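Here is what each chain is made of, one letter per residue.
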Number of protein chains: 2
Amino acid sequence: MKQGEQTRTNIVKAANKLFYHQGFHKTAFSDIVKEVGLSKGNITYHFKSKDDILQAVFQRRITKTMNILAAWDEQYPDAKDRLNCFIESLKEGKSDLTKYGCPNGTLASELGKNNALTRELSQGLFDLIRHWLEQQFINLGFSSEQANDKALELFSRGQGICVLAQVYNDETLFITEINKLKQLVK
Amino acid sequence: MKQGEQTRTNIVKAANKLFYHQGFHKTAFSDIVKEVGLSKGNITYHFKSKDDILQAVFQRRITKTMNILAAWDEQYPDAKDRLNCFIESLKEGKSDLTKYGCPNGTLASELGKNNALTRELSQGLFDLIRHWLEQQFINLGFSSEQANDKALELFSRGQGICVLAQVYNDETLFITEINKLKQLVK
DNA sequence: GTCTATAAGAAGATAGAC
DNA sequence: GTCTATCTTCTTATAGAC
């Protein structure tokens, strides 16, 4: 990776972390500067505005998500295994999901309130997971409509659990509720 | 109501609306000034800081929630009717819940990330509903443990549906998923 | 209680040297 | 590509008149 490219990546990684841990509006440009350890001018060279950084953060999350889902597709031939893998991955992330909520869900909640553009960015990210889940249920023999329904339920319940677990800062609650989701895969 | 008391209430109402529609950090003091239609100095007379207003907003939401739950308790002798009333109230709020998400859930997501104080404020608010739901399931004959479990599931699924419906700005999705919650009450 | 005016700092964005 | 320095606007908080 070229130097400029590496710097760009470092900025996006730092911003991604801060947007997750603090939220978008609470994160100042100067916070990103501090986190990434470069000058403000340098960051401005790579991204002309905070909104530009946000766009790049979304793009990064989309790419990362696509890679994870593709890896699962490759690793597990069986749709049931894939869905269980999805659920297990939530359990593995319990610490951060309980501390900060879901990275995508909390960002969507904050930004989607009155901004059509950022809402669409969130939709793109959510669609990746939503339609991947749907596809797995189709593979399990469900109709398109049923699969859509199941995917929505699994997805939304995961989101709700993250909200509750974050409010109560309670990993036990998180695990208990996530375990219930396995029944949807049976 | 005395004049000062009325002004205080108006400020809290305006802030409550803005925190819901825009989020806390995106809402500036000047936004509240504009919304309430009074001078900045007047608002500062009643609340010395934005955090003070936030505290009052939480207090208002707690009081309002307690009043609603108490009214349902009085209106419906049967626990099943109360729970269905809870679910119906979500459906009636579909427009705002889809546009802006759950008022309490989105505020908790935004503020609970790294602030123990505001997390506790959210917990107090969530506890009201959580324990009210729990009590209804106890009234239906469930054990304390089962009732807690059912209440958590109903509550968290409601939260998750709000997140998804907001992201997709989709009232149909919202209603479809909320209707599923009725099965938990049967 | 309500107002105007202003201070002090932080925010995001820009200019130009190296 | 990276830096320092600056600018403008916004944000919060305060002071003091009425």
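Residues numbered from 1 in each chain as written. Chains lettered and ligands numbered in written order. Predicted model: local features only at pLDDT ≥ 70, side-chain atom pairs only at ≥ 80, totals over all residues. Heavy atoms only, no water.

A few words now on the domain arrangement of chain A. A common measure of how large an interface is: the accessible area buried when the components associate. All names here are of chain A. Segmentation of chain A into domains returns domain 1 (1-48) and domain 2 (55-185). For domain 1 versus domain 2, the separation of C-alpha centres amounts to 26 Å. If you look at the interface, domain 1 gives 13 residues, while domain 2 gives 14 residues. When the two sides are added together, the surface that domain 1 and domain 2 hide from each other amounts to roughly 1,100 Å², 64% of it contributed by carbon and sulfur. By the criterion of area lost to domain 2, the three top residues of domain 1 are V12, N16 and Y20, representing 50% of everything that side buries. Taken together, the connections running from domain 1 to domain 2 amount to zero salt bridges. Linking domain 1 to domain 2 there are five residue pairs in polar contact (both at pLDDT 80 or more). (Domains from an automatic or database assignment. Contact = heavy atoms within 4.5 Å. Buried area = accessible area lost by both parts, 1.4 Å probe. Salt bridge = Lys/Arg side-chain N within 4 Å of Asp/Glu carboxyl O. Polar contact = N/O pair within 3.5 Å; in protein donor to acceptor, adjacent residues only side chain to side chain.)

Tallying the contact residues gives 43 residues for chain B and 43 residues for chain A. Of the roughly 3,700 Å² buried at the junction of chain B and chain A (both faces included), carbon and sulfur atoms supply 56%. Looking only at chain B, the three residues that lose the most surface to chain A are K113, V167 and Y168 of chain B, adding up to 20% of its buried area. Here K180 of chain B ties to D149 of chain A by a salt bridge, and the two come within 3.0 Å at their closest N and O atoms. Remark: the boundary between chain B and chain A carries 24 residue pairs in polar contact (both at pLDDT 80 or more). Of all the elements in the fold, those that place two or more residues in the side of chain B that touches chain A are α1 (3-22), α6 (94-100), α7 (103-111), α8 (116-139), α9 (144-168) and α10 (171-180) of chain B. For the side of chain B that touches chain A, the element with the most residues is α9 of chain B, which contributes 14 residues. (Helix = DSSP H or I, 4+ residues; strand = E, 2+ residues; numbered from the N terminus.)

Moving on, we get to the pattern of salt bridges. Counted according to the given criterion, the structure contains 22 salt bridges over all chains. In this structure, the salt-bridge partner of E153 of chain A is K180 of chain B, at a minimum N-O distance of 3.1 Å. Note that E153 of chain A is positioned in helix α9 (residues 144-168) and K180 of chain B in helix α10, a pairing that runs across two chains. The residues E153 of chain A and K180 of chain B share a single accessibility class, namely buried. (Buried < 20%, exposed > 50% of the residue type's maximum accessible area, 1.4 Å probe, protein only.)

Further remarks concern the protein's contact with DNA strand C. Taken together, 16 residues lie near DNA strand C, and F29 and T44 of chain A together with S39, N42 and H46 of chain B sit nearest. Taking the atoms of DNA strand C that fall within 4 Å of the protein, sugar and phosphate contribute 69% of them. Contacts to DNA strand C include F29 of chain A, whose backbone N or O atom sits 2.5 Å from a phosphate oxygen. Between DNA strand C and S39 of chain B, the relevant distance is 2.9 Å, taken from a phosphate oxygen to a side-chain nitrogen or oxygen of the residue. Secondary-structure elements contributing two or more residues to the surface near DNA strand C are α2 (29-36) and α3 (40-46) of chain A together with α1 and α3 (40-46) of chain B. Top contributing element to the surface near DNA strand C by residue count: α3 of chain B, with four residues. (Near = heavy atom within 4 Å.)

What follows concerns the side chain of S122 of chain A. One can find S122 of chain A in helix α8 (residues 116-139). Those residues in contact with S122 of chain A, other than ones at most four positions away along the chain, are F58 and A108 of chain A together with V167 of chain B.

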